Amino acid sequence: MSAVCREVITLQLGHYSNFVGTHWWNLQDASLSYEPETSPSEIQSDVVFREGQTMGGHVTYTPRLIAMDVKGSLRTLRQEGSLYDAGKDTSAVTWEGNLMMHKESPPEKNFFLEDLDKLDGGILTEADFSSSSQPQCPGSMSVDTVNNQLARVQQGYRLEGSVNVWSDFLRIHLHPRTISVIHQYNHDGEAHRLEAFGQGEALLQGLVLEDLEDRLHFFVEECDYLQGFQVLCDLADGFAGLGSKVTEILQDSYGGRGILTWGLAPVSHPNTTPVKELYRLLNCTLGTVHLASHSSFFCPLTLRGGLGRQPPSPTAFPYLNYDPSLWYHSSSVLALALDALTVPYRMRNNSVPMWQLADTLAVSGRKVVAAYSAVPFPMMHGSSLPDALSLCTDVLPWQPLSACPEAGDGRCYGQWATFKGFEGQRLISSLAPGTIPPTPLHSLHSGEDVLTSYIRSFCPTAPLAVQLVSTPSKLTPPFPQIFDQALDAQGFLQNQPPPHGSPAAVVSSVPVMTSLQSGPALGTWLSEMHRGASTFDIRRVAPSFLSQGPEMADFQEALEQLRLMARCYKDDSGGVTRSSSEEDDDD
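Residues numbered from 1 in each chain as written. Predicted model: local features only at pLDDT ≥ 70, side-chain atom pairs only at ≥ 80, totals over all residues. Heavy atoms only, no water.

The protein chain carries the name Protein misato homolog 1 in an unreviewed UniProt entry, which gives Betta splendens as its organism. As recorded by UniProt, the Function (unreviewed entry) comment attached to the protein chain reads in full: "Involved in the regulation of mitochondrial distribution and morphology. Required for mitochondrial fusion and mitochondrial network formation." One UniProt comment on the protein chain, placed under Sequence similarities (unreviewed entry), says "Belongs to the misato family." (UniProt positions renumbered as here; feature names shortened; annotations may be inferred.)

Now the structure itself:
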């Protein structure tokens, strides 16, 4: 029940991870509220945000974040940010002769960023940052006003054609120690691209390593009760190698802290080729092995139908109309799910530390877990949770987020389910006395019991933990409006379909249900990955992949580790591990 703040440091490694992370931080920022009469939120924002102060004495509230990306990925965003701007330093200019300056025109900002600059300019100069009576609520006037004004212009932004990089829709200020640019590799063009696992592994040495360690020490030293790190890492490019080394450093330097790693992969890449797709398969394979080895648990997150070279269709959601080819869209869906998936260790009360969440799922060496989500959860406005779940009796309401379909036979080694955003709806039935409950769910007396009973009807023997959070994810600009017309402004299903031709409601929040699982389905998923990476001779088909590492022997060892990892998940319905001969038949 303690409300002690157990801090978390976030690392975002790679361009797509920063896409997802930007949406995630925008969601956190939109949920900040500093009205004195408002009761404290269920989510403790201080877990992931830090309080600071500018040189002018203004209090700031910025993410406890390290974001790494390559040269050319920032566009209009300054690497050091703007909160702590001390002006231009001219002390180094000593040349007294003629000077010719060539100034490159800065990239143009989209309408959202232009409006954000106007809001910041007007509010940051007028707000009295020191007037807040709540020590945990710095910058209240600024953040709350920006949120309110952005919410009122929700319909004014359609950024699908103007988002090229993640900073094109970043709505929060970052600390100067947050952004780390890797200058050895480019974001644009064909040359000097960070495309192979070995390139990323080789990066983390010398100045790059020193820079990362300095940033880590800065954020770690100001934490009182550091519980761990959440790592968002690109899985399909060279950042998989970099992330493997970063998580190894975290494991070696901060033993006992939780390291929850989310491996991100977009649905598609621009200008792809068969060789590039092969590289991505190999990066995913090596990244899965090494990231899982160095983390408390590892969870791939993607809307691709699979991580192979010819995946099935992207994941579809009944009430979403998103474009899988747009990173701006697909990353917003993953961020919404991640907002719920990370709830357990961000709660103000009844918080579950990272290590406990990992221990619940990563049992007996099974450190790879799969994520599932209903985005949004289909709940009729004014109905109850038993009503909604009773309409999903044949199949669970969520879709795979890890390219790993559920087994369908109810076998599971552990599961953590979260329902977030039911604010204003009933968790239990309100039947009149003497009324016969239409389903067993309608006779239960708490939301936790309802959700537990429902999931156990599919997975009767699996260890299960559930968590319910009333507060929804608030969707303010620049979150894309990708929702079906059947939803109302709160993301619930409307009782009556909207009239034909009427404009869709602007959805300002949504209920989301997620599940983290460890089960036999992951054994099949890992075995398929092993087969995909083992069916060709890498020295003949893609010799350049190994040019900067790993060595061929190390690559073969990683494949063997993957095969053994898959065997950890092989199990019969009685929980008895199968014989090695049966397992080898499956490999």
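Quick look at the layout of surface pockets
Considering only enclosed or pocket space, the largest pocket measures out at about 900 Å³ in volume. If you go around the largest pocket, you meet 39 residues; those closest to its centre are His187, Arg193, His269, Pro270 and Trp327. Within the residue set of the lining of the largest pocket, elements represented by two or more residues are α1 (15-30), β4 (65-71), β7 (258-265), α7 (274-294) and α8 (327-341). Split into classes, the residues belonging to the lining of the largest pocket amount to 17 nonpolar, eleven polar and eleven charged. (1 Å grid on protein atoms, 1.4 Å probe; cavity = no way out; pocket = protein on both sides within 12 Å on 5 of 7 lines; lining within 4 Å. Points joined across faces, edges and corners; volume = space filled by probe spheres on them. Helix = DSSP H or I, 4+ residues; strand = E, 2+ residues; numbered from the N terminus. Nonpolar A, V, L, I, M, F, W, Y, C, P; charged D, E, K, R; others polar.)

Here we look at the packing of helix α12 (residues 520-534) against helix α14 (residues 552-567)
The interhelical angle for the contact between α12 and α14, taken along N-to-C directions, is 155°, at an axis separation of 8 Å. In this view, α12 runs roughly antiparallel relative to α14, as classed from their interaxial angle. In this structure, α12 meets α14 at a crossing whose hand is left-handed. Side by side, α12 and α14 meet where Gly523, Leu526, Ser527, Met529, His530, Ala533 and Ser534 of the first sit next to Phe555, Leu559, Leu562, Arg563, Met565 and Ala566 of the second. Partitioning the contact of α12 with α14 into residue classes produces eight nonpolar, four polar and one charged. (Axes fitted to C-alpha atoms, helices over the stretch in contact; angles between N-to-C directions. Parallel < 35°, antiparallel > 145°, perpendicular 65-115°, else oblique. Left-handed = near helix turned anticlockwise from the far one by under 90°. Contact = heavy atoms within 4.5 Å.)

Side note on the nonpolar core
Leu11, Phe229, Phe419 and Phe545 are the most contacted members of the largest nonpolar core, which totals 96 residues. In terms of residues, this core owes the most to one element, α7, which gives nine residues. Leaving out residues up to four positions away in the same chain, Phe545 has contacts with Ala196, Phe197, Tyr279, Leu282, Asn283, Leu286 and Ile538. In this structure, Ala67, Leu113, Val375 and Trp416 belong to the second largest nonpolar core, which totals 74 residues. (Core = buried A, V, L, I, M, F, W, Y, C linked by side-chain atoms within 4.5 Å. Buried < 20%, exposed > 50% of the residue type's maximum accessible area, 1.4 Å probe, protein only.)

Describing the packing of aromatic side chains
One pass over the structure, following the stated rule, counts 16 aromatic pairs. Measuring from ring centre to ring centre gives 5.1 Å for Phe218 and Phe219, while their planes differ by 80°; the resulting arrangement is edge-to-face. Both rings, one in Phe419 and one in Phe422, keep their centres 5.5 Å apart while their planes meet at 35°; by these two values the pair is tilted. Neither Phe419 nor Phe422 differs from the other in exposure class; each is buried. Each member of the aromatic cluster is reached from another via a ring pair, and the members are Tyr16, Phe19, Phe169, Trp327 and Tyr328. (Phe/Tyr/Trp six-rings, centres within 6.5 Å; stacked < 30°, edge-to-face > 60°.)

Some details on the sheet that holds β4
A sheet is described by the order of its strands in space; here six strands give the open sequence β5-β4-β1-β6-β7-β8, paired in parallel fashion. Each of the sheet's edge strands pairs with one partner strand only, and the pair in question is β5 (179-186) and β8 (297-302). Ignoring strand direction, the axes of neighbouring strands in this sheet form an average angle of 15°. Pairing geometry for strand β1 (residues 8-13) and strand β6 (residues 228-234), over six bridges, is parallel. Note on β6: the bridge partner recorded for Leu11 is Val231. Here helix α6 (residues 239-253) sits on the sheet and contacts β1, β4, β5, β6 and β7; the angle it forms with β6, its principal contact strand, is near 170°. Most of the contacts of helix α9 (residues 354-361) go to β7, to which it runs at about 65°, and overall it touches β1, β6, β7 and β8. (Pairing = 2+ DSSP bridges.)

Quick look at the sheet that holds strand β11 (residues 414-420)
Spatially, five strands are ordered β10-β9-β15-β11-β12 in an open sheet, and the strand pairing comes out mixed. Two strands bound the open sheet, and with one partner strand each, they are β10 (399-400) and β12 (464-469). Summarising the sheet, β11 and strand β15 (residues 512-518) pair through seven bridges and their orientation is antiparallel. Across the sheet, residue Gln415 finds its bridge partner in β15, namely Gln517.

Let's talk about the pattern of salt bridges
Tallied over the entire structure, the rule returns eleven salt bridges. We note a salt bridge from Asp339 to Lys420, for which the minimum N-O separation is 3.4 Å. Taken together, the positions of Asp339 in helix α8 and Lys420 in strand β11 put the pair 81 residues apart, joining distant regions of the chain. Given the relative accessible area of 4%, Lys420 is considered buried. Residues joined by salt bridges that share partners form a network here, namely Asp339, Arg346 and Lys420. (Salt bridge = Lys/Arg side-chain N within 4 Å of Asp/Glu carboxyl O.)

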